[in-house]
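Breakdown of the fold
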Amino acid sequence: MDKDRSFEVIENKFLGDDMYIIKAKGVFDVKNGQFYMLRTKSNYPLLSRPISVYNVDEDGISFLYKVVGEGTKAFSELKPGEEIILDGPYGNGFPEVSGKTALLGGGIGIAPLYMIARDMSKTDKCDAYLGFREVPVLIDEFEEYCNEVKFYLGDKFVTDIIDVDKYDNIMVCGPTPMMKKVVDMTEGKDINVYVSLENRMACGVGACLVCTCKTTGGNKRTCKDGPVFNAKEVIL
Ligand SMILES: Cc1cc2nc3c(=O)[nH]c(=O)nc-3n(C[C@H](O)[C@H](O)[C@H](O)COP(=O)(O)OP(=O)(O)OC[C@H]3O[C@@H](n4cnc5c(N)ncnc54)[C@H](O)[C@@H]3O)c2cc1C
Ligand code: FES
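Residues numbered from 1 in each chain as written. Chains lettered and ligands numbered in written order. Predicted model: local features only at pLDDT ≥ 70, side-chain atom pairs only at ≥ 80, totals over all residues.

1. Description of the sheet that holds strand β1 (residues 6–16)
Keep this limit in mind: Here, any two strands with at least 2 DSSP bridges between them count as paired. Put simply, DSSP marks the helices as runs of H or I at least four residues long and the strands as runs of E at least two long, and each gets a number from the N terminus on.
Sheet architecture is open: seven strands sit in the order β4-β3-β7-β1-β2-β6-β5, paired in antiparallel fashion. The open sheet is flanked by β4 (49–52) and β5 (55–56), the only strands paired with a single partner. Summarising the sheet, β1 and strand β7 (residues 83–90) pair through three bridges and their orientation is antiparallel. In the sheet register, Glu8 faces β7, and the bridge partner there is Glu83.

Structure follows, in structure tokens:
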């Protein structure tokens, strides 16, 4: 095992609705929207799982994740003091933008948006529209850095409560139907829309083609060419 990729877990907090934040100690240099491949030290799951970076601070790196299967369940069982294997950071991340910006997150898709809110709070504060199935999480944390935070519970999408014409930029991460709806709502308008895809991955580094997505420029690898794409380019 490569010791350099093994980090001490310092927190693994249950937030509700099967969601957790796990924090690992260390020094990390990450671009907003990048992800790591995560695995427990017992080598389970055998294939690492891609998880977006939620936050980086002076103590370490945090990931917001939802337990959906065996891999994420194994993460939820990690205790402070135990170790986690982190490979990354991978992917291109969100571009830096200026102007009026909306963050649209559906469920666990809020994860890669938090650092954008934090960084833009120094210049152009964002508005955030966050949708959850049952339990709203991290609203206070987004409110600390955003102008306005609106959240929604249930099966509808945050696209039902946003006036897209107010924005120069919209950053989206969530279920594909939600991202498609944003693309439809902004078609033909002078708005920069960036979507972060969460296609299933195996290698995470561009070698296996498991994560291929369709774009106007042909097939691309979500892990290496994305996960963030200009909405004008990607075919959802
Ligand atoms: C770039 C990227 C960033 C991601 N960021 C996060 C994040 O910040 N937080 C988070 O909780 N999850 C994130 N995911 C999704 C996460 O990788 C999967 O939920 C995880 O791999 C599931 O592993 P598992 O072993 O627990 O479940 P599995 O046993 O592998 O799968 C359980 C169920 O979840 C479905 N599933 C698995 N992976 C995906 C996926 N990528 N998209 C949709 N459905 C899936 C399966 O079809 C199955 O129904 C991200 C994925 C990508 C590609
Ligand atoms: S996950 Fe292997 S090429 Fe993207």
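2. Some remarks on the domain arrangement of the protein chain
In plain terms, the rule: Domain borders in the structure are assigned automatically or taken from a domain database. Residues are defined as contacting one another if the C-beta atoms placed from their backbone atoms lie within 7 Å. Side-chain classes are defined by residue name, with Ala, Val, Leu, Ile, Met, Phe, Trp, Tyr, Cys and Pro counting as nonpolar, Asp, Glu, Lys and Arg as charged, and the others, Gly among them, as polar.
Under the domain assignment used here, the protein chain contains domain 1 (3–90) and domain 2 (101–196). Taken together, the 13 residues of domain 1 in the interface contact twelve residues of domain 2. Of all the elements in the fold, those that place two or more residues in the side of domain 1 that touches domain 2 are β1 and β6 (60–66). Here the residues of the side of domain 1 that touches domain 2 sort into six nonpolar, five polar and two charged.

3. A short note on the site of ligand 1
Note the cut-off: We call a residue near a molecule or strand if the C-beta atom, set from the backbone, is within 6 Å of it.
Every one of the 21 residues lining ligand 1 counts as a neighbour, but Tyr65, Gly69, Gly71, Thr72 and Ala111 are closest to it. Elements represented by at least two residues in the shell around ligand 1 include exactly β4, β6 and α1 (70–76). By residue number, the principal contributor to the shell around ligand 1 is β4, which donates four residues. Split into classes, the residues belonging to the shell around ligand 1 amount to eleven nonpolar, five polar and five charged.

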